[in-house]
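Fold and geometry: a report
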Amino acid sequence: VIGLGCSGDHLVCPVKAAARRVVYLRRNNAPPGTPLARLFTQAPSEITKIKASDITRTIQQAVKSIGTDLGFLPSDVSARSLRAAGANALLLADVDPNIIRLIGRWRSDEMLRYLHVQAAPLMQHYAKKMLQGGVYTLLPNTQHVPQQLLPDVSVVPLH
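Below is a summary of the structure that appears in this document. (Residues numbered from 1 in each chain as written. Predicted model: local features only at pLDDT ≥ 70, side-chain atom pairs only at ≥ 80, totals over all residues. Heavy atoms only, no water.)

With that out of the way, let us pick up the overall build of the protein chain. Tallying secondary structure elements over the protein chain gives 6 helices and 2 strands in all. The burial tally for the protein chain puts 14% of its 159 residues in the buried class. Taking all contacts inside the protein chain whose residues are at least 6 apart in sequence as the whole, residues at least 24 apart take part in 22%. A total of about 13100 Å² of accessible surface is found on the protein chain, and carbon and sulfur atoms cover 60% of it. (Helix = DSSP H or I, 4+ residues; strand = E, 2+ residues; numbered from the N terminus. Buried < 20%, exposed > 50% of the residue type's maximum accessible area, 1.4 Å probe, protein only. Contact = heavy atoms within 4.5 Å. Areas by Shrake-Rupley, 256 points an atom, 1.4 Å probe, with all protein chains shown as cover.)

Put into structure tokens, the structure is as follows:
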């Protein structure tokens, strides 16, 4: 089991969200062992589970209320978007991809499909890093050795 710690945000915190769900369940007299995804409707005898479509509808309503400043439309997001967004957020926070794979329970490099190349903050310095990567040559079967590592020819003959 992988647990999450507090995020420090009063609204977007997995620990506080889980606590709010427990309080919700207790207020609705849910028996012990009730799944966190249980939803109680207005009808006292009607109990249902929160479905992916419920989450999608809520996310789309939030996107619609925020407007086009986000750069995407409500139809562009769904419950499945949360997995990709979470993976991208962790990657941009410099979390090791192996840890992201573990948290997301990916069994392969499939997770790389979720890590979008358009994540500009991640990609912006790569061209500079490529140029600062060191001295190398593109000639096959040759190796460039820095001058300071070459033997002193006055001490060691090169023939």
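Quick look at the side chain of Thr34 now. Along the chain, the position of Thr34 falls in the loop between α1 (14-27) and β1 (38-40). Classification of Thr34 by relative accessible area gives buried; the value is 18%. For Thr34, the side chain forms a polar contact with the main-chain oxygen of Pro31, separated by 2.5 Å. (Polar contact = N/O pair within 3.5 Å; in protein donor to acceptor, adjacent residues only side chain to side chain.)

So, on to unusual backbone geometry. Although it is not a glycine, Asn29 adopts a positive phi angle of roughly 55°. Mapped onto the secondary structure, Asn29 falls in the loop between α1 and β1. By relative accessible area, which is 69% here, Asn29 ends up exposed.

Below, the discussion takes up the packing of aromatic side chains. For the structure on display, the rule yields 1 aromatic pair. When the ring of Tyr24 is compared with that of Phe40, the centres are 6.0 Å apart and the planes differ by 50°; the resulting orientation is tilted. Within this pair, whereas Tyr24 is found in helix α1, its partner Phe40 is found in strand β1, the two being separated by 16 residues in sequence. You can call Phe40 buried: its relative accessible area is 15%. (Phe/Tyr/Trp six-rings, centres within 6.5 Å; stacked < 30°, edge-to-face > 60°.)

In total, this model carries 1 salt bridge according to the counting rule given. Between Arg57 and Asp54 there is a salt bridge whose closest N-O contact spans 2.7 Å. Here Asp54 and Arg57 lie together in helix α2 (residues 52-66), a separation of 3 residues that amounts to about one turn. (Salt bridge = Lys/Arg side-chain N within 4 Å of Asp/Glu carboxyl O.)

Let us now look at the environment of Lys49. Counting through the fold element by element, Lys49 comes out in strand β2 (residues 47-49). Between the alpha carbons of Lys49 and Pro35 there is a distance of 8.6 Å; along the sequence they are 14 residues apart. With sequence-adjacent residues up to four places away left out, Lys49 is seen in contact with Ala37, Arg38, Leu39 and Asp54.

In this section: the state of the cysteines. Each disulfide is one covalent bond, formed between the sulfur atoms of two cysteines. Tallying each qualifying case throughout the model produces 0 disulfides. With no disulfide partner, Cys6 has as its closest neighbouring cysteine sulfur the one in Cys13, 4.2 Å distant. Judged by relative accessible area, which is 58%, Cys6 ranks as exposed. (Disulfide = S-S within 2.5 Å.)

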